[in-house]
Number of protein chains: 4
Amino acid sequence: MSEVNNLLEQYKNVRKHSVDLCANLQNEDYVVQPIVDVSPPKWHLGHTTWFFETFILKPNLNGYKEFDSQYNFVFNSYYETVGARVIRTDRGNLSRPSVSDVYTYRRHVDDNMFRFLDDNIDENLTELIVLGLNHEQQHQELLLTDIKYILGHNPLFPALKLSIPFNSLHNPRGTWESFKGGVNEMGFEGDGFCFDNERGRHKIYVEDFQINTSLVSNREYLDFISDRGYQDFRHWHAEGWEWLKTRNVRAPLYWHSIDSMWMNYTFDGLKGITPEEPVCHVSFYEASAFAAWKGVRLPTEAEWEIASERIHWGQRWEWTGSAYLPYPGFKKAPGAIGEYNGKFMVNQMVLRGASVATPQGHSRNTYRNFFHAPQQWQFTGIRLAE
Amino acid sequence: MSEVNNLLEQYKNVRKHSVDLCANLQNEDYVVQPIVDVSPPKWHLGHTTWFFETFILKPNLNGYKEFDSQYNFVFNSYYETVGARVIRTDRGNLSRPSVSDVYTYRRHVDDNMFRFLDDNIDENLTELIVLGLNHEQQHQELLLTDIKYILGHNPLFPALKLSIPFNSLHNPRGTWESFKGGVNEMGFEGDGFCFDNERGRHKIYVEDFQINTSLVSNREYLDFISDRGYQDFRHWHAEGWEWLKTRNVRAPLYWHSIDSMWMNYTFDGLKGITPEEPVCHVSFYEASAFAAWKGVRLPTEAEWEIASERIHWGQRWEWTGSAYLPYPGFKKAPGAIGEYNGKFMVNQMVLRGASVATPQGHSRNTYRNFFHAPQQWQFTGIRLAE
Amino acid sequence: MSEVNNLLEQYKNVRKHSVDLCANLQNEDYVVQPIVDVSPPKWHLGHTTWFFETFILKPNLNGYKEFDSQYNFVFNSYYETVGARVIRTDRGNLSRPSVSDVYTYRRHVDDNMFRFLDDNIDENLTELIVLGLNHEQQHQELLLTDIKYILGHNPLFPALKLSIPFNSLHNPRGTWESFKGGVNEMGFEGDGFCFDNERGRHKIYVEDFQINTSLVSNREYLDFISDRGYQDFRHWHAEGWEWLKTRNVRAPLYWHSIDSMWMNYTFDGLKGITPEEPVCHVSFYEASAFAAWKGVRLPTEAEWEIASERIHWGQRWEWTGSAYLPYPGFKKAPGAIGEYNGKFMVNQMVLRGASVATPQGHSRNTYRNFFHAPQQWQFTGIRLAE
Amino acid sequence: MSEVNNLLEQYKNVRKHSVDLCANLQNEDYVVQPIVDVSPPKWHLGHTTWFFETFILKPNLNGYKEFDSQYNFVFNSYYETVGARVIRTDRGNLSRPSVSDVYTYRRHVDDNMFRFLDDNIDENLTELIVLGLNHEQQHQELLLTDIKYILGHNPLFPALKLSIPFNSLHNPRGTWESFKGGVNEMGFEGDGFCFDNERGRHKIYVEDFQINTSLVSNREYLDFISDRGYQDFRHWHAEGWEWLKTRNVRAPLYWHSIDSMWMNYTFDGLKGITPEEPVCHVSFYEASAFAAWKGVRLPTEAEWEIASERIHWGQRWEWTGSAYLPYPGFKKAPGAIGEYNGKFMVNQMVLRGASVATPQGHSRNTYRNFFHAPQQWQFTGIRLAE
């Protein structure tokens, strides 16, 4: 969250941004769920709204009238505390509530939130509202990844005009930056917002290391493919090797070899590969195999955080070699909010940085993103260390 | 097909009926596919249109301009002859073509068909066009069954106002009608349209039999449930018993026990059971188990056809005890049209009659419908024989 | 059952034959279950014994001491009436009871049965004992099919010396034998043993037909393969086509293309194909596709039974084009014995005749064998009709 | 490996121990594979032998005659470098090679190894042979876990007389031992054998922590069950919660609630729970949920290693809160041996210590064992930290 002082303004800006992202969708694009990782766009719009209705308005706004009592069932995601939920694989089977109903729901909740935020300066709730806004920003990135998946897996490969700039920045050839080992600190400290998983700041010991100033480019990744990187088990984790054989993976997601030329789906439709852009939509298995092929490795999240002041980051979420685990002294918050992060701390890998799809001001150098090793559908890339 | 002499009028009527059935759908209802048996309504509208474009217009109308060459990929169902197809489970993941595009596609093909039917009295193609119309009528029934499934499995249980009368007729208490055995004939004979699987008329020997003049009612079926029919393996085929245990089936599809009362989803929303209505949405396993519990059996399709003059039929597709197999002398037609029926003649059961969802004039007493033994989502019911 | 008048002698002969079939097995061969269709040989030996213990000895022999009360759980197959059973896929996970314990169990039951059969001439039980013997003979064929599967899917392809002659008879080139249509009769009649599914004899009407006097040979089947029969969907049922693509089927079971030559696993190990032998281990899908490729069809079971006096049969179970359904007037017997056949009468195809693995005297021309359309592991072949 | 100086003696001792562990198995117990995690005992005996044949004898012993060239296919586990392998789920379907053949194979390889070890003092191979012996010791523990699984999932719950003492030591009530934070070192250092994943010794920073001197007992774990620990999602990781609901887990593996009393399967058969014994056969999910319920946590592997001098360990493998990842500077060895550990470093958790099933002298306080979070079949327990 950038330096906006007024909470109401922040609320309005964040909420508007979600709607803006969907500006050029066709109605039908809001509905489908091609894989379980993807949620229908209308679900994201409803779920982020449900957060404010459930945790702010219903317990705190006198006389608040729930929009529709069934929506809790439809738009709850995983908060076991709050009640029954539609099982995840079923989200794409729900034609109702309609897109139009979801927008009405948003306006209903927004109108009440405006009223609530005007009247209230109750400091105790500010923290929860800011959490809700950061939650919505996370779903803004998911909206983009999921819309891309929906359109990019349609045989018509439709383009989508986005209301936001969405180009990868220049990715100049990198150099190796050296860092001296020793006791360092990591984790969030300060006054602004952070998620519970970033706290508390603590000491760690790192060895001397080097990190590359640039992300791995498509050109470099094409070398890996040409060198038969996907055919040589020695670069891969055992389960990564199973994964690529079972699913017949030969390239990053959205890449298609057409008449012996690599094309890739973007929001502008099916296009040729841009060699100098950072490679995108790779799994942890692929990131790790690429590094092994190069004879180097991925950075740990500690190394990444130490190095973050001296590298340019923000085009791709960067896979680290660190598993997603609690920091020393981590405690879940009580109640439903406590389900936010802690319960996912097993069998996922940490990603650091941000991507072109991350809302401005949302990330920071202590931010801990996390996904499962095989997942490719996020805007994920590779930075090397050694 | 009712007694409309003019093919152009027939074409216009049938095509309009498909659109009429969808009149009150919301845009999102056209898109989803909750189970593999169900197709999204927009797919039905596109697929039936694709039939006329592919088999009539493209090969026969000079200068016909294909609407979109990609649509063959999207709207082909199972005609292996005609090219690649979207795998069946993926139909519900396609947000494009949009509903609006599909209606434009229909108009494009209809305009060309109108022109074609005006100019052409080529008798050779008439048969194929009539097949296309009967094909579309089959999909009209599927439109209703699939829309019902989509809305009936939504937690909001939305009602849908239909543009056609859709009430079950009165179902008076039945009597046993007796038939003398001997050599009889079955199969289609005459000038009108029939499917290839109804030909040719042939002799069969049947024993003396009795058939009930009425369909089994909800009241009778409730007795079966009350008598713990779903808990007693002795009534069931071994694989029916596996099916009900694995899927935890306790009642016909759309039935819900709410506060110890049986409700069922209809196009008017969630309603109480009407006792005297014929039971609907039962699988072959259930039909067969019910008959076993009664100490009787389902009729064979030969018995049904013989008895059809003396019984009232047309509210439910009636499961028979006959497997779907070729009649003596059955031959597939050459080319793609030959894929219509023959290749499904294994592991399915024959249903006879028609249902409230069957377009008027579409069925006849030699009509052979067929589904897999576990399928419940059609408007299927039970008639008893002994 | 051949013409042995004395029940005790029959019992001894049948029981001994099961043991003889396993004479050259290694201990470990008795234990495994590579696919769910196959049962471990020691299970067959125990299950057939359990039949006599459960249905004869326990209810009828005063003072009979059950061998082990847990065996009911282990050796029951599918008799829901009689109690819990080990789920089918788990049979191959049971190292105990050991092979030696199973043989002890057999001797325990046999000793008691000898005593029982000496003392008893109670006519009422004779029928049930004869059923038990026919049941054991069915498992004798399954023993051979399952042992072949176990050894034939071992990478060492071990040979097995059988204690019985097991060669295919000569299969001379066939001719087409013609039959005049009309009302005929089918089904069992007479004094000997038959299964409930063969009763009662009834009239059927058949059209004129021709049937081939020989089974389809390996040579003919190789022509089908060479003509790319497995690559042309037009010959196949839709679900047969799915089956072969999903499982990558290219030939009958046990055939291996090694250095461009077709070999096949037999009880003598891996051998070259004998061209004039009847093709074996084909599924219904394959039998049906082969017939379609030839432009003919499989016989119905009625035709087969009518023709059976004029054709030589007995080398392969012959797939018919008839689904396995009850004959007119079929009634299940009361109690556990009633579960024998009736509950399987859906989604299976009838096979007629017998195979080289069928115990001598076990089959007859009214015998109705039945398997699922994809199953290949029985000694199944193809006879053509038109 | 304990302090045996002579490599030949070591080899003889280790190899004999594997055979001793199987002394009282019945032949059939060697063959089955009830779940994919379990390997048939004869496979363990063959696979450990194959290691010496493949990596020592074939490349180094002049004139060595391979026992059977097919065995590479049967007994290779996961070494992609060395050639094709039987897929893991198929191990339990192989009746051949027989148990007797496997023992002959062991003797053949042992005889050659004896000869080889007598003649050779080639220092270069010593390391590889010691690796082979440690590899065999790992499989000795797996032999016990797998045999327990095979017998413990048999409805007859057979007991097995073991040739080794196999009792849990006394587990006195524990106290909390405190450790001061700061920079520490972890990892193997010194002359003896260690696995590549234990190298190299490196600095880590740890916070102040406390660790319990005892393992969690059955009594304490029963409290967790009684307090409805398996019914309260708040204690569990999200995927742990899915795991227990999907598989209906209510207790550690081998626990059975019989007439409202908890029993558990041991090598002595089905017995009552001993309250003061350390709880065994829990998954990481369970260990972690138990700790959360207690308001504490699992130790990290760094904490465990630091604390290892002051705690008694060795009855259960102790789940840590650390993911299995490479130590700083980890490099895979070249060739097949390099596949030993590195490729498994994703999505597994580290366990420290040893269990009653671990061969004497095999483990040490830097030893890193690792399993997947849901796995229960090892002798795993819980130690708490905070």
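Here, residues in each chain are numbered from 1, in the same order as that chain's written sequence. Each chain takes a letter, starting from A, and each ligand takes a number, starting from 1, following the order in which they are written. Only residues with pLDDT of 70 or above have their local features reported here, since the model is predicted, and side-chain atom pairs are shown and tallied only from 80 upward, although totals for entire chains, interfaces and linings are computed over all residues. Each side-chain value is worked out from all heavy atoms of the structure, with water and hydrogens disregarded.

## Focus: the overall build of chain A
- Helix and strand definitions follow DSSP, with helices as H or I runs of at least four residues and strands as E runs of at least two, each counted in order from the N terminus. Each helix and strand counted, chain A has nine helices and 11 strands in total.
- For the radius of gyration, the atom set is restricted to C-alpha positions; the globular benchmark scales as 2.2 Å times the number of residues to the power 0.38. For chain A, whose C-alpha radius of gyration is 21 Å, the value lies close to the compact-globule estimate of 21 Å for 386 residues.
- Taken along the three principal axes of its C-alpha coordinates, chain A extends 65 × 55 × 35 Å.
- Categorising residues by exposure relies on relative accessible area from a 1.4 Å probe, with only protein chains included: less than 20% of the type maximum marks a residue as buried, more than 50% marks it as exposed, and the intermediate range marks it as partly exposed. Within the span of chain A, comprising 386 residues, buried residues form 59% of the whole.
- Across chain A, every contact between residues at least 6 apart in sequence was considered, and the portion connecting residues at least 24 apart equals 77%.
- Surface accessibility follows the Shrake-Rupley procedure with a 1.4 Å probe radius. Residue values consider only the protein chains on display as shielding. In the form shown here, chain A has an accessible surface area of approximately 15,500 Å², with 49% of it arising from carbon and sulfur atoms. Every residue pair with non-hydrogen atoms within 4.5 Å of one another is taken to be in contact.

## What to know about unusual backbone geometry
- For the peptide bond that leads from C:Arg96 to C:Pro97, omega is 0°, which places it in the cis range.
- Positive phi values are uncommon outside glycine, yet B:Arg228 reaches one of about 60°.
- Mapped onto the fold, B:Arg228 is located in the loop between helix H6 (218-226) and helix H7 (238-247).

## Details of the packing of aromatic side chains
Residue and element names in this part refer to chain B.
- Each Phe, Tyr or Trp ring, with Trp reduced to its six-membered ring, pairs with another whose centre is within 6.5 Å; inter-plane angles below 30 degrees give stacked pairs, above 60 give edge-to-face pairs, and intermediate values give tilted ones. Following the criterion strictly, the structure yields 152 aromatic pairs over all chains and no others.
- Residues Phe75 and Tyr105 carry aromatic rings whose centres are separated by 6.0 Å and whose planes lie at 15° to one another, so their mutual orientation is stacked. With a gap of 30 residues between them, Phe75 in helix H3 (residues 71-75) and Tyr105 in helix H4 (residues 99-119) connect regions that are remote in the sequence.
- Over the aromatic face of Tyr327 sits the side chain of Arg368, whose NZ or CZ is 3.9 Å from the ring centroid. We count a charge as sitting over a ring when the NZ of a lysine or the CZ of an arginine lies within 6 Å of the ring centre and within 35 degrees of the ring normal.

## Remarks on the confidence of the model for chain A
- Within chain A, residue pLDDT values average 92, and 94% of them lie at 70 or more.
- Here the complex is predicted with pTM 0.95, and the ipTM for its interfaces comes to 0.95. Each residue carries a pLDDT score, the predictor's own confidence in it, on a scale running from 0 to 100.

## Things to note about the packing of helix H1 (residues 7-21) of chain B against helix H2 (residues 41-60) of chain B
Residue and element names in this part refer to chain B.
- The N-to-C vectors of H1 and H2 enclose an angle of 155°; their axes lie 10 Å apart at closest approach. If you check the angle between H1 and H2, you find them roughly antiparallel. Judged by the sense of rotation from one axis to the other, the crossing of H1 with H2 is left-handed. Mapping the contact onto sequence places Tyr11, Arg15 and Ser18 in H1 and Leu45, Thr48, Thr49 and Phe52 in H2.
- When residues are sorted by character, Ala, Val, Leu, Ile, Met, Phe, Trp, Tyr, Cys and Pro go into the nonpolar class, Asp, Glu, Lys and Arg into the charged class, and all the rest, Gly among them, into the polar class. In terms of residue class, the contact of H1 with H2 is made up of three nonpolar, three polar and one charged. The axes used here are C-alpha line fits, helices contributing only the stretch in contact, and every angle between their N-to-C directions lies in the interval 0 to 180 degrees. Relative orientations are named as follows: roughly parallel for angles under 35 degrees, roughly antiparallel for angles over 145 degrees, roughly perpendicular for angles from 65 to 115 degrees, and oblique for any other angle. Each crossing is labelled by how the near helix is turned from the far one, with a counterclockwise turn of less than a right angle marking it left-handed and a clockwise turn marking it right-handed.

## Concerning the sheet that holds strand S9 (residues 349-353) of chain A
- Spatial strand order, S10-S9-S8-S11 (chain A): four strands in an open sheet with mixed pairing. For this open sheet the edge positions go to strand S10 (369-371) and strand S11 (380-381) of chain A, each flanked by a neighbour on one side alone. By this definition, two strands are paired if DSSP reports at least two bridges between them.

## Details of the interface of chain C and chain B
- On the side of chain B, 39 residues touch chain C, which itself brings 39 residues to the contact.
- Here the quantity called buried area is the accessible surface, traced with a 1.4 Å probe, that two parts lose on coming together, added over both. Of the roughly 2,600 Å² buried between chain C and chain B, counting both surfaces, carbon and sulfur atoms make up 56%.
- For chain C, the biggest contributors to the area lost against chain B are C:Tyr205, C:Val346 and C:Asn347; these three give 21% of the whole.
- In the sections that follow, a salt bridge refers to a side-chain nitrogen of Lys or Arg positioned within 4 Å of a carboxyl oxygen of Asp or Glu. Counting across the chain C and chain B interface gives zero salt bridges.
- Under this definition, polar contacts are N or O atom pairs within 3.5 Å; protein pairs additionally need one hydrogen-donor-capable and one acceptor-capable atom, and for neighbouring residues in sequence, both atoms have to be side-chain atoms. The interface formed by chain C and chain B holds eight residue pairs in polar contact (both at pLDDT 80 or more) in total.
- Taken together, the elements giving at least two residues each to the side of chain C that touches chain B come down to strand S3 (202-206), helix H7 (238-247), helix H8 (284-294) and strand S8 (317-323) of chain C.
- Residue contributions to the side of chain C that touches chain B peak at five residues, all from H7(C).
- Of the residues that constitute the side of chain C that touches chain B, the class distribution is 17 nonpolar, 10 polar and 12 charged.

## Some points on the pattern of salt bridges
- The tally for this structure, following the rule as stated, stands at 80 salt bridges over all chains.
- A:Asp110 is the partner of A:Arg15 in a salt bridge, and the nearest nitrogen-oxygen pair spans 2.7 Å. Of the two residues, A:Arg15 is situated in helix H1 (residues 7-21) and A:Asp110 in helix H4 (residues 99-119); the sequence distance between them amounts to 95 residues. Comparing A:Arg15 with A:Asp110 shows no difference in burial state: the two are buried.
- Residues C:Glu242 and C:Lys245 are paired through a salt bridge, measuring 3.7 Å at the closest nitrogen-oxygen approach. Note that C:Glu242 and C:Lys245 are positioned in helix H7 at a spacing of three residues, about one turn of the helix.
- Here the salt bridges share partners, and the residues they tie into one network are A:Arg15, A:Arg106, A:Asp110 and A:Glu136.

## Topic: the relation of the copies chain C and chain D
- Once chain C is rotated about the relating axis by 180° and shifted along it by 0.0 Å, it coincides with chain D to within an RMSD of 0.0 Å. The symmetry that links the two subunits is that of a two-fold axis. By C-alpha distance to the rotation axis, the residue of chain C lying nearest is C:Glu28, at 3.0 Å.
- Take the interface residues of chain C: 100% of them recur as interface residues in chain D, which is what a same-surface contact looks like. In this comparison the copies share one frame, found by least squares on the C-alpha atoms of residues holding pLDDT of at least 70 in both.

## Some points on the interface of chain C and chain D
- Between chain C and chain D, the residue contacts involve 26 residues of the former and 26 residues of the latter.
- Surface buried jointly by chain C and chain D totals about 2,400 Å² across both partners, of which 55% is contributed by carbon and sulfur atoms.
- Three residues, C:Glu28, C:Arg96 and C:Leu156, lead the burial of chain C against chain D; their summed loss comes to 30% of the area buried on that side.
- The tally of links from chain C across to chain D stands at two salt bridges.
- Secondary-structure elements contributing two or more residues to the side of chain C that touches chain D are helix H3 (71-75), helix H4 (99-119) and helix H5 (123-152) of chain C.
- A per-class count over the side of chain C that touches chain D returns 13 nonpolar, 10 polar and three charged.

## Thoughts on the environment of C:His135
Residues and elements named next belong to chain C.
- Relative to the assigned elements, His135 resides in helix H5.
- Under the relative-accessibility criterion, His135 is labelled buried at 1%.
- The sequence separation of His135 and Tyr103 amounts to 32 residues, and the corresponding C-alpha distance is 18 Å.

## Quick notes on helix H2 (residues 41-60) of chain A
Residue and element names in this part refer to chain A.
- Expected span, for any helix, means 1.5 Å times one less than how many residues it has. Taking 1.5 Å per residue, 20 residues should reach 28 Å; H2 reaches 28 Å between its end C-alpha atoms and fits that length.
- Of all the bends in H2, the greatest, near 35°, is centred on Glu53.
- The buried count for H2 comes to 17 of 20 residues, which makes it a mostly enclosed element. Bend is the name given here to the angle between axes fitted to two runs of seven residues, the run ending at a residue and the run starting at it.

## Brief notes about the sheet that holds strand S5 (residues 255-258) of chain A
All names here are of chain A.
- An order of S5-S6-S7 is seen for the three strands of this open sheet, with the pairing classed as antiparallel. On the outer flanks of this sheet lie S5 and strand S7 (269-272), each paired with one strand and no other. In this sheet, neighbouring strand axes are inclined to one another by 40° on average, regardless of whether the strands run parallel or antiparallel.
- In this sheet, strand S6 (residues 261-266) lies alongside S5 in antiparallel orientation, the contact comprising four bridges. Its bridge partner lying in S6, Ser257 is registered against Trp262.

## Description of the relation of the copies chain C and chain B
- With an RMSD of 0.0 Å, chain C superimposes on chain B once it is rotated by 180° and translated 0.0 Å along the axis.
- Take the interface residues of chain C: 100% of them recur as interface residues in chain B, which is what a same-surface contact looks like.

## A closer look at the state of the cysteines
- In plain terms, two cysteine sulfur atoms within 2.5 Å form what is called a disulfide here. As enumerated under the stated definition, the model contains zero disulfides over all chains in all.
- With no disulfide of its own, B:Cys22 has B:Cys280 as its nearest cysteine by sulfur position, at a separation of 19 Å.

## Focus: the pairing of strand S8 (residues 317-323) of chain D
All names here are of chain D.
- Among the seven residues that make up S8, six are buried, leaving the element largely enclosed by the rest of the structure.
- Sheet topology note: the S8/strand S11 (residues 380-381) ladder contains two bridges and is parallel. Looking at the pairing, Trp317 lines up with Thr380 of S11.

## Considering the environment of C:Asn347
- Within the secondary structure, C:Asn347 is located in the loop between S8 and strand S9 (349-353).
- Separated by 22 residues in the primary sequence, C:Asn347 and C:Leu325 have C-alpha atoms spaced 9.0 Å apart.
- In this structure C:Asn347 touches B:Glu239, B:Tyr285, B:Asn347, B:Gln348, B:Ala373 and C:His372, once residues within four positions along its chain are discounted.
- In this structure the side chain of C:Asn347 is engaged in a polar contact, spanning 2.7 Å, whose partner is the side chain of B:Glu239.

## Some details on the side chain of C:Asn154
- Inspection of the secondary structure puts C:Asn154 in the loop between H5 and strand S1 (176-179).
- Its relative accessible area of 1% is what places C:Asn154 among the buried residues.
- Of the polar contacts made by the side chain of C:Asn154, one reaches the backbone nitrogen of C:Leu156; its length is 2.9 Å.
- If near-sequence neighbours (up to four positions away) are discounted, C:Asn154 is found in contact with D:Leu94, D:Ser95 and D:Arg96.

## Some details on the arrangement of the chains
- Without any contact between them, chain A and chain C keep their closest C-alpha atoms 14 Å apart.
- Chain B shows no contact with chain D. Their nearest C-alpha atoms sit 14 Å apart.

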